[in-house]
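Coordinates in review
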Amino acid sequence: VQLVESGGGLVQAGGALRLSCAASGRSFSTYHMGWFRQAPEKEREFVAAITWSGGTTYYADSVKGRFTISRDNAQNTVYLQLQMNSLKPEDTAVYYCAATRKPGVLITTASYDYWGQGTEVTVSS
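Quick summary incoming for the structure in this document. This structure is a prediction, so every number in the text was calculated from the model and none was measured.

**Section: the sheet that holds strand β1 (residues 2–6)**
Spatially, four strands are ordered β1-β3-β8-β7 in an open sheet, and the strand pairing comes out antiparallel. Two strands lie at the open edges of the sheet, namely β1 and β7 (67–73), each paired on one side alone. Each adjacent strand pair in this sheet contributes to an overall mean axis angle of 15 degrees, direction not counted. With seven bridges connecting them, β7 and strand β8 (residues 77–84) associate as antiparallel partners. Considered in β8, the bridge of S70 is made with Q81.

Dropping the structure here:
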């Protein structure tokens, strides 16, 4: 099982980044997926989630209107994206993708079974 994030980097405030996560090794096309982030010395927090079909999305209030989650359910590998616009210094964190087959709440870390290693995003002011 692999969830591999990419696309992080350094960007100025107001800029944009697109994160990607390639998920393989399971039938991830049937998994709900999400993005979480963890800033230094803070707990991991929910950013966005998307149901297995892509039909429903959820966003943290802090990113609503600026971030967009999407997915591509390819045959062997699922690609999860997070388009991040109008970035702010407070968006600085390590961003993780995660996957779960559990129904229900998708905004808590406990709901997810598989995690990637993370990709770092730094937004300078």
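We are not done yet, so read on.
**Describing the environment of W52**
Mapped onto the fold, W52 is located in the loop between β5 (45–50) and β6 (57–59). For the pair W52 and S111, spaced 59 residues apart in sequence, the C-alpha separation works out to 14 Å. Beyond its immediate sequence surroundings of up to four residues, W52 is in contact with S29, T30, Y31, H32, R71 and N73.

**Considerations on the nonpolar core**
Counting 34 residues, the largest nonpolar core has W35, L82, M84 and Y95 as the members making the most contacts within it. Mapped by element, the contributors of at least two residues to this core are β3 (17–24), β4 (32–38), β5, β7, β8, β9 (93–100) and β11 (119–124).

**Observations regarding the state of the cysteines**
Under the defined criterion, the tally for this structure stands at one disulfide. Disulfide partner of C21: C97, at an S-S distance of 2.0 Å. Its S-S torsion of approximately 45 degrees makes the covalent link between C21 and C97 right-handed. With C21 in strand β3 and C97 in strand β9, this residue pair connects regions lying 76 residues apart in the sequence. An identical accessibility class is assigned to C21 and C97; each is buried.

About the thresholds
- Residues numbered from 1 in each chain as written.
- Predicted model: local features only at pLDDT ≥ 70, side-chain atom pairs only at ≥ 80, totals over all residues.
- Heavy atoms only, no water.
- Pairing = 2+ DSSP bridges.
- Helix = DSSP H or I, 4+ residues; strand = E, 2+ residues; numbered from the N terminus.
- Axes fitted to C-alpha atoms, helices over the stretch in contact; angles between N-to-C directions.
- Contact = heavy atoms within 4.5 Å.
- Core = buried A, V, L, I, M, F, W, Y, C linked by side-chain atoms within 4.5 Å.
- Buried < 20%, exposed > 50% of the residue type's maximum accessible area, 1.4 Å probe, protein only.
- Disulfide = S-S within 2.5 Å.

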